[in-house]
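# Architecture and fold: a report
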Amino acid sequence: MPSFSAIVIGGGTNGLACAGRLAAKGCRVVVLEAGAVAGGGAAVREFAPGYFAPALAHTTRGVDARVMAGMALERHGLGFHPALATCVLNAEPLSVMRGKTTGADAAAYAALIAKLSEFARVLAPFRGLTPPRLTSSGNEWGKLARLGLGIRALGKADFREFLRMILINVADVAEDELTDDRLKGLLAFDATLGAWLGPRSPNSLILLLNQLACGPDILVPKGGMAALAAAMVRAAEAAGVVVRCNAAVARVLVTEDRACGVELESGEVLAADKVISAISPRTTFQKLVGPRHLDAGFFSRVQHIRSRGGAAKLHLALTAAPDVPDLQARMVIAPSVRVVEEAFNPVKYGEVPKAPVMEFVVPSAFEGDLASEGHHVLSAIVQFAPHAPKAGLEAARAEMLENTLAVLEAHVPGLRGLVAHAELLMPQDIEARFGMVGGNWHHGELAVEQMLFLRPLREAAQYGTPLPGLYLAGAGSHPGGGINGSAGWNAAGMVLHE
Amino acid sequence: MNDLTHFEVPLRQTPFHARTAVLNKLNRWGPWAGYMTALCFGDEAMEHTAIRNGASVYDLCPMVKYRVTGAEAAAFLDRLTIRNAGKLPVGSVHYTVWCDDEGRVLDDGTLFRHGVGDYLICCQERHLPWLLASSAGYDVAVREVTEEVAALSLQGPCSASVLDAAGFDVWGLKPFRMVRFAFQGGKVTVSRTGFTGDLGYELWMEPAQALPFWDHLFASGAPWGIRPIGTDALNLARIEAGFIITNMDFIPADQALREDRARSPFELGLDWMIDWDKGHFTGRRALLAEKEAGSDWALVGLDVPGNISAEGSILYHGKKREAGFVTAAAWSPSVKRSVALAQVEAKYRKGDDLWVEIYALRELQYVKLMLPVTVVERPFFNPARKRATPPGRF
Ligand SMILES: Cc1cc2nc3c(=O)[nH]c(=O)nc-3n(C[C@H](O)[C@H](O)[C@H](O)COP(=O)(O)OP(=O)(O)OC[C@H]3O[C@@H](n4cnc5c(N)ncnc54)[C@H](O)[C@@H]3O)c2cc1C
């Protein structure tokens, strides 16, 4: 029976970041990935013969700087195309780059983004921190105090503004500060991207701050998302990590009340001093560990970690370039706050919105080899899709696809005529294929009541879990998901610390 | 009445109410788990005497009962409770407790194993949400059956003779075992269990059998002066036996509002039941940590000078420093001493220089007493007849 000092379950970007950091400190680490390639949300998928699209994530706000440097990812081939502009598709399209745009609201928008970026700047260091415990002992008090002081140092007026806005909803902010529906819609869309919230839901602004804290720019890796994952795999392997694909973990093994290894679905058993799960916390505890090794209160709270996904993924195989203002921009269709809110309303009742909102990129405009000469692929994140469709998955998927294509056609005339093949992944499809419970972007909703020391639950918020020897390292832990590796890197720090 | 207005209707009556109501000369009733229950039928001293010197009958119907069935019933109960439920032989009963994740006691109760995958939990408080949550992932069904089972507790040195006269041969029945008898076309289960610390049996039947069974039992027991008893007399007997009651001697962890009120099995003197080797159970890790770090509280038995009950009193170390409080106390007719159950801060568990401040009511005037107490072993009253098999024939 092979023995490692640590087993990492799940070869997504968080699992790889965690493994890389551990191996760099001399641990013998194996990453066990269920899929045929590592990468998780950052993988490539041939969704139609000869057409390749990013499996889930198609852009990133940047890999955590600690991961970039710690794993020397540049040296292992990771680079990025120039930052993408955002193009708000409309009768009059609007181009936006960070806080810069045109039109009547240009100054107001610049000021708003500057203010939000300032808030994001003081919040950003929290992303790299092990969440504090609500007890007097065991916290990094020095660090916490410094970060707290950082917020306080905003200055009196900004600090007051920070406190006013931190838990506010994005719709109010947009209405207060802007007049241009295109910008208001964009703000509403960006804040709720990957969330199970509408722009009028409480606390929706903080999600936008979290995104800005990851990075100001929207990036596409050179070679595509899969190249990012591949660079991480190379870096991890260079540090001594063994990455094993087609190795789905069926069970965490426990002896003497300690996680001591895993059993694969093939029946193979691997032993390790520490088992680190970089997959969904709910799956980890409910399926891999099971109730027999966990307290009843904890186990039932695990079942109640909210994990509803509202994002669907659309892949289109196109026979020619779509008619958009800029093939290398991120296109957003979110005409107003109201339209975004109304796209969210139906999913509360398990229904499909008539006019979904979305962002899309054309990956083939960056990499020539994703489709044959002259052909293109379009990758869209479409919101909101019901995670538990009343009409059943098949009917809801068909309706969602039709409504999405209709909205696309209205904004990109002639697009439907170019579609050779279309694939829509509903939240349930995403759960089935990627293991994200409920199809949720963050392996568990990122919402104020599931953040920091409550993420995913109080008892497991510092990456350790009630089961000694078992740790969490995926998007379900602080600071949540996205293609950045932060949670995995933090978790490794905690494992090394112990 | 509907699900939302149930609290507006009067307390329920037990299946024995038609008999207990006419015997309750004082009409003294109290609430117990949604039922009305007799506190005293007429004379508490005589009722206590029946427990210790004859045969007494207590209506046990309001006791909360859950039936646990299924292939993984034993595994479920082993995760739920601190004791080893899998090792409990079929046809046996054990006392047990269950805890929350923090290792704080939610309730105590008795666990009856009727079959390999068929158990009955009897307890004081209601726990269905917790039991159902605990059953997630187990092939087990948990159902509240409080209303489906009628029960009497027959306690006292003559109780075996009474049963014999009623046609139930229990001479060979050992403590914590049970046996089933035919009765008027149905079945009655007799377990050698009770809450008095004396020889005694609990009798379990379907509600439809309740009244005929009562009549038969009282007719058979007449020569031994069989007598219905209320909660007051039973409470006195249980204090003598040193037994604790949920929500009297400790507060269930899920009901405690103040964080420092919940207690662990260590703190209630129940840690002897913990099976550390059976695998994981809810609260195990917290309890293991407490075992290493030590506990904050201890439950002790006290010998109190004089004859005034120390009920509700505060304990002091060196007459000055608060050290704990009395949870139950009485002047015990059986041992002719004033005894008490108390929670004390763990460092005072030995009882050195421990004092009780009693407010004694003497002709409508309170008099403050400060008396030295001694920590003593429980039970205060522990007759050999409680264990003897076969029990004595009286
Ligand atoms: C529709 C959609 C679009 C998204 N778009 C973006 C985007 O554009 N930009 C962005 O930054 N983020 C995006 N995200 C979010 C992002 O994909 C995730 O937050 C991110 O992938 C989380 O990384 P991770 O490493 O924690 O988990 P994952 O990427 O989910 O990786 C987990 C890995 O574990 C594997 N696994 C699961 N179960 C087992 C098992 N039992 N044994 C072994 N391996 C197992 C899976 O195969 C997977 O490879 C999107 C999410 C969704 C749902």
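These numbers were taken from a predicted model, which means no experiment stands behind them.

### Some words on the domain arrangement of chain A
All names here are of chain A. Under the domain assignment, chain A is made up of domain 1 (3-42 + 64-79 + 222-306 + 440-497) and domain 2 (100-214). Residue-level contacts link 20 residues of domain 1 with 18 residues of domain 2. Between domain 1 and domain 2, a total of about 1600 Å² is buried, with carbon and sulfur atoms accounting for 62% of that surface. Contact with domain 2 buries surface across domain 1, with Val-448, Phe-453 and Gln-462 losing the most and accounting together for 30% of the total. Between the two partners, domain 1 and domain 2, sit zero salt bridges. On the surface where domain 1 and domain 2 come into contact, there are eight residue pairs in polar contact (both at pLDDT 80 or more). For the side of domain 1 that touches domain 2, the element with the most residues is helix H15 (residues 486-497), which contributes three residues. Looking at the side of domain 1 that touches domain 2, its residues break down into 10 nonpolar, seven polar and three charged.

### Observations concerning the site of the ligand
Residue and element names in this part refer to chain A. Taken together, the neighbourhood of the ligand is formed by 32 residues, with Asn-14, Glu-33, Thr-59, Gly-482 and Ile-483 sitting nearest. Between the ligand and Val-249, the relevant distance is 2.9 Å, taken from a nitrogen atom to a main-chain nitrogen or oxygen of the residue. A distance of 2.7 Å separates an oxygen atom of the ligand from a polar atom in the backbone of Gly-482. About the coverage of the ligand: the protein hides 94% of its 990 Å² of free accessible area. In the shell around the ligand, the residues fall into 17 nonpolar, 14 polar and one charged.

### So, the domain arrangement of chain B
Residues and elements named next belong to chain B. Segmenting chain B into domains produces domain 1 (17-61 + 149-229) and domain 2 (64-145). Measuring from the centre of the C-alpha atoms in domain 1 to the corresponding centre in domain 2 gives 25 Å. With 14 residues of domain 1 at the interface, the matching set in domain 2 holds 14 residues. Carbon and sulfur atoms make up 57% of the area that domain 1 and domain 2 hide from each other, which totals about 1100 Å². Of all residues in domain 1, Val-149, Phe-176 and Met-178 bury the most surface against domain 2, accounting for 43% of the area lost on that side.

### Here's the deal with the nonpolar core
Soluble globular proteins tend to pack their nonpolar side chains together in the buried interior. Residue and element names in this part refer to chain A. One finds Tyr-109, Leu-116, Ile-151, Phe-162, Leu-187 and Leu-205 to be the most contacted residues of the largest nonpolar core, which totals 57 residues. At the level of elements, strand E6 (94-96), helix H3 (106-127), helix H4 (141-152), helix H5 (156-165), helix H6 (170-177), helix H7 (181-192), helix H8 (205-214) and helix H12 (337-344) are the ones that each hand at least two residues to this core. If one sorts the elements of this core by residue count, H3 sits on top with nine residues. Those residues in contact with Leu-187 that sit more than four places away from it in its chain are Tyr-109, Leu-112, Ile-113, Val-170, Ala-174, Leu-178 and Leu-208. With 40 residues, the next largest nonpolar core counts Val-63, Leu-228, Ala-278 and Ala-491 among its residues.

### With respect to the environment of Glu-359 of chain A
All names here are of chain A. By secondary structure assignment, the location of Glu-359 is in strand E13 (residues 357-361). In this structure, the C-alpha to C-alpha distance between Glu-359 and Leu-89, residues 270 residues apart in sequence, is 9.7 Å. In contact with Glu-359, not counting residues within four places along its chain, are His-58, Thr-59, Phe-189, Leu-193, Arg-330, Met-331, Val-332, Ser-379, Ala-380 and Ile-381.

### What about the packing of aromatic side chains?
Residue and element names in this part refer to chain B. Within this structure, the stated rule accounts for 18 aromatic pairs over all chains. Three or more aromatic residues link up through ring pairs in this structure, and these residues are Phe-168, Phe-181, Phe-183 and Phe-213. Here Lys-319 stacks its cationic end above the ring of Trp-355, 4.4 Å away from the centre of that ring. The ring of Trp-171 has Arg-393 lying over it, and the distance from NZ or CZ to the ring centre is 4.1 Å.

### Considering the packing of H3 of chain A against H8 of chain A
All names here are of chain A. Close contact between H3 and H8 brings their axes to 8 Å; oriented N to C, the two are set at 75 degrees. Here H3 lies roughly perpendicular to H8, going by the angle between them. Between H3 and H8, the contacting residues are Leu-116, Ser-117, Phe-119, Ala-120, Leu-123, Ala-124 and Arg-127 on the first element and Leu-205, Leu-208, Leu-209, Asn-210, Leu-212, Ala-213 and Cys-214 on the second. Partitioned by chemical class, the residues of the contact of H3 with H8 number 11 nonpolar, two polar and one charged.

### Quick notes on the sheet that holds strand E3 (residues 56-59) of chain B
All names here are of chain B. In space, the six strands of this open sheet follow the order E10-E11-E12-E9-E3-E13, with mixed pairing throughout. Looking at strand neighbours, the two that pair on one side only are strand E10 (178-183) and strand E13 (227-228), the edges of this open sheet. With six bridges connecting them, strand E9 (residues 150-155) and strand E12 (residues 200-205) associate as antiparallel partners. Across the sheet, residue Leu-154 finds its bridge partner in E12, namely Tyr-201.

### Looking at the environment of Pro-390 of chain B
Residue and element names in this part refer to chain B. Assignment of secondary structure puts Pro-390 in the segment after strand E20 (374-376). Accessibility expressed as a relative area gives 55% for Pro-390, which makes it exposed. Here the alpha-carbon distance between Pro-390 and Lys-174, two residues 216 residues apart in the chain, equals 7.7 Å.

### Observations regarding the interface of chain B and chain A
Taken together, the contacts link 16 residues of chain B with 17 residues of chain A. Approximately 1200 Å² of surface area, both sides summed, lies buried where chain B meets chain A, with 39% of it carried by carbon and sulfur atoms. There are five salt bridges connecting chain B and chain A. A salt bridge links Asp-257 of chain A to Arg-285 of chain B, with the shortest nitrogen-to-oxygen separation between them at 2.8 Å. Taken together, the connections running from chain B to chain A amount to 12 residue pairs in polar contact (both at pLDDT 80 or more). Residue assignment for the side of chain B that touches chain A shows that the elements contributing at least two residues are helix H4 (128-135) and helix H8 (284-293) of chain B. The leading source of residues in the side of chain B that touches chain A is H4 of chain B, at three residues. By residue class, the composition of the side of chain B that touches chain A is five nonpolar, five polar and six charged.

### Focus: the pattern of salt bridges
As enumerated under the stated definition, the model contains 50 salt bridges over all chains in all. The residue Asp-257 of chain A makes a salt bridge to Arg-284 of chain B at a minimum N-O spacing of 3.8 Å. With Asp-257 of chain A in the loop between strand E8 (249-255) and strand E9 (258-264) and Arg-284 of chain B in helix H8, the pair connects residues from two separate chains. Summarising the burial analysis for this pair, Asp-257 of chain A and Arg-284 of chain B share the class buried. With a closest N to O distance of 2.2 Å, Glu-459 of chain A and Arg-301 of chain A form a salt bridge. Residue Glu-459 of chain A is located in the loop between helix H14 (427-434) and strand E16 (470-472), and its partner Arg-301 of chain A is located in helix H11 (residues 296-303); the two are separated by 158 residues in the primary sequence. The class for Arg-301 of chain A is partly exposed, based on a relative accessible area of 33%. Put simply, Arg-301, Arg-458 and Glu-459 of chain A together with Asp-101 and Glu-102 of chain B are held in one network by salt bridges that share partners.

Definitions and limits used
Residues numbered from 1 in each chain as written. Chains lettered and ligands numbered in written order. Predicted model: local features only at pLDDT ≥ 70, side-chain atom pairs only at ≥ 80, totals over all residues. Heavy atoms only, no water. Domains from an automatic or database assignment. Contact = heavy atoms within 4.5 Å. Buried area = accessible area lost by both parts, 1.4 Å probe. Salt bridge = Lys/Arg side-chain N within 4 Å of Asp/Glu carboxyl O. Polar contact = N/O pair within 3.5 Å; in protein donor to acceptor, adjacent residues only side chain to side chain. Helix = DSSP H or I, 4+ residues; strand = E, 2+ residues; numbered from the N terminus. Nonpolar A, V, L, I, M, F, W, Y, C, P; charged D, E, K, R; others polar. Near = heavy atom within 4 Å. Areas by Shrake-Rupley, 256 points an atom, 1.4 Å probe, with all protein chains shown as cover. Core = buried A, V, L, I, M, F, W, Y, C linked by side-chain atoms within 4.5 Å. Buried < 20%, exposed > 50% of the residue type's maximum accessible area, 1.4 Å probe, protein only. Phe/Tyr/Trp six-rings, centres within 6.5 Å; stacked < 30°, edge-to-face > 60°. Lys NZ or Arg CZ within 6 Å of the ring centre and 35° of its normal. Axes fitted to C-alpha atoms, helices over the stretch in contact; angles between N-to-C directions. Parallel < 35°, antiparallel > 145°, perpendicular 65-115°, else oblique. Pairing = 2+ DSSP bridges.

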